[in-house]
Protein chains: 2
Amino acid sequence: MGVSEFDLDALESLIKPRRPVQRNEHLYRAGDRLTSIYAVRSGSIKTYSLTNDGREQITGFHLPGELIGLDAINDNAHPCSAKALETSSVCEMPFEQLESLAMRIPGLQHQLFRIMSRELKSDEQFMTLLGKKNADERLASFLVGLSNRFKERGYSATEFNLSMSRNDIANYLGLAVETVSRLFSRLQSDGIIEVDRKLINVTDLEQLHKIAGTSCDKALNRTG
Amino acid sequence: MGVSEFDLDALESLIKPRRPVQRNEHLYRAGDRLTSIYAVRSGSIKTYSLTNDGREQITGFHLPGELIGLDAINDNAHPCSAKALETSSVCEMPFEQLESLAMRIPGLQHQLFRIMSRELKSDEQFMTLLGKKNADERLASFLVGLSNRFKERGYSATEFNLSMSRNDIANYLGLAVETVSRLFSRLQSDGIIEVDRKLINVTDLEQLHKIAGTSCDKALNRTG
DNA sequence: CGCTGCTTTGAACAACTTCAACTTCTGTGG
DNA sequence: CCACAGAAGTTGAAGTTGTTCAAAGCAGCG
């Protein structure tokens, strides 16, 4: 359900060896012709596009097991750029090959539909975040989301490193950096998380969930 | 590129006859098991989900030629509800059938990948709208988007009816109804559009584009 | 040791929301 | 066909949230 690690492993062997990517190195840039879809194997990748006035809009942070580049199929060109946030490794999968495999291997086509569908669904949830949530809810949702994704991958759900800068977080969440910084401080002084630079320790995950799940009346749930 | 009307026509005949839907009738509701994907054939459909505190978040307005329900593949259940904004007709395509056809008919698999990819891409653009654009830019983008879609379908790019309420527009754009109402008034008094209830006449499409494409310094481009 | 870039914090400001009132439309029943 | 009730839309004024501007604090690194 989460990552379908199993199938990606199978694919990986079918297609191409892993490839290392250095921090800040681009996997591809907006406008590049689509050749391959990439599966993140380790590290983390951010995808972003530029607004008309040249500012960056981050469209996602991608962890191991996730596929990137699927948004390029329609135009045969990447609408976003993809850049490593840290030293990472990816598995490159030539798309044409992938497509023809999908015609032959039972289940692979379905798997690909599922992956794209999941991304559509999570995009929709993210729209709700941007359209309806306030700053606190956005940051809490972001942290809960990361927590879940780390957990799925066998890491700690409560202690993890942010590979992206405050600026990137703010950009992604549609907020100003200053706002994000203030929110981290507040979450810390409220005893919900401990922050040490990039290291986050979630001390009250339940409360974080409550904030993320739209904090209703802001103090509705002190005891329950 | 736009709608691949051709292929949908082919599919339509392969699968099921059109089905009429009344205004406010649901095609499916959030939580329903996925049985079919729907192609809009006439009219318009809105998709929406509910936030934790029960408010509605509209995730899209869908015009003829568009497919809805693709976000349900991953969980085999619809994450959103779909409701007709006006009397419409849709073509129901049982998903399992569609998938097995895609294994056989050359090009259909690719077509489906493309359609999902296009949706991913437009979701990303929409994230940029919600994350970076101010109220004016949002409404202008919305109108430009509709204008383009109507044009693709052979209707006027400058004169069209909004099938959704002001409330729906505001909801979709992450704004308050009052803001949207004020913006319509302002666009009208600025001579960019003429508004008569649901009927919109775009009198200065170029200017509308300028506003939509992020109005930079707000008055950067008076002459050029 | 002193850059340089990222992060934090404070204070003023702006954009949008909220609240409230009023108007216009729509549809229903007398 | 008109009257009326409810829904939808518009407009104004006050209020909030988050942004912007400015400056200081801190860590990494030559």
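Procedures and definitions
- Residues numbered from 1 in each chain as written.
- Chains lettered and ligands numbered in written order.
- Predicted model: local features only at pLDDT ≥ 70, side-chain atom pairs only at ≥ 80, totals over all residues.
- Heavy atoms only, no water.
- Contact = heavy atoms within 4.5 Å.
- Salt bridge = Lys/Arg side-chain N within 4 Å of Asp/Glu carboxyl O.
- Polar contact = N/O pair within 3.5 Å; in protein donor to acceptor, adjacent residues only side chain to side chain.
- Helix = DSSP H or I, 4+ residues; strand = E, 2+ residues; numbered from the N terminus.
- Nonpolar A, V, L, I, M, F, W, Y, C, P; charged D, E, K, R; others polar.
- Buried < 20%, exposed > 50% of the residue type's maximum accessible area, 1.4 Å probe, protein only.
- Pairing = 2+ DSSP bridges.
- Least-squares fit on C-alpha atoms with pLDDT ≥ 70 in both.
- Domains from an automatic or database assignment.
- Buried area = accessible area lost by both parts, 1.4 Å probe.

(A) Expanded view of the interface of chain B and chain A. Tallying the contact residues gives 45 residues for chain B and 44 residues for chain A. At the surface where chain B touches chain A, the tally comes to 2 salt bridges. Taken together, the connections running from chain B to chain A amount to 20 residue pairs in polar contact (both at pLDDT 80 or more). Counting residues per element, the ones that place at least two in the side of chain B that touches chain A are strand 5 (56–62), helix 2 (95–104) and helix 3 (108–132) of chain B. The biggest single contributor to the side of chain B that touches chain A is helix 3 of chain B, with 19 residues. Split by residue class, the side of chain B that touches chain A holds 17 nonpolar, 15 polar and 13 charged.

(B) Summary view of the pairing of strand 8 (residues 88–94) of chain A. Residues and elements named next belong to chain A. In terms of burial, strand 8 is a largely internal element, 7 of the 7 residues being buried. With 6 bridges joining them, strand 3 (residues 36–42) and strand 8 adopt antiparallel strand pairing. Residue pairing across strands places A39 opposite C91, the latter belonging to strand 8.

(C) Seen up close, the relation of the copies chain B and chain A. Overlaying chain B on chain A yields an RMSD of 0.0 Å, the required transformation being a rotation through 180° with an accompanying axial translation of 0.0 Å. On the angle and the small slide along the axis, the relation comes out as a two-fold axis. Taken together, the interface assignments show that 98% of the residues at the interface of chain B recur at the interface of chain A, consistent with an identical surface on both copies.

(D) Seen up close, the domain arrangement of chain A. All names here are of chain A. Looking at chain A, the domain boundaries give domain 1 (5–122) and domain 2 (129–220). Distance between the C-alpha centres of domain 1 and domain 2: 25 Å. Contacts between the two partners involve 14 residues from domain 1, matched on the other side by 11 residues from domain 2. Its largest share of buried area at the contact with domain 2, domain 1 owes to I58, F61 and L63, together 51% of the area lost on that side. Along the contact surface separating domain 1 from domain 2 lie 3 salt bridges. Between K46 and D168 there is a salt bridge, with its nearest N and O atoms 3.2 Å apart. At the junction of domain 1 and domain 2, the tally comes to 8 residue pairs in polar contact (both at pLDDT 80 or more). Split into classes, the residues belonging to the side of domain 1 that touches domain 2 amount to 5 nonpolar, 5 polar and 4 charged.

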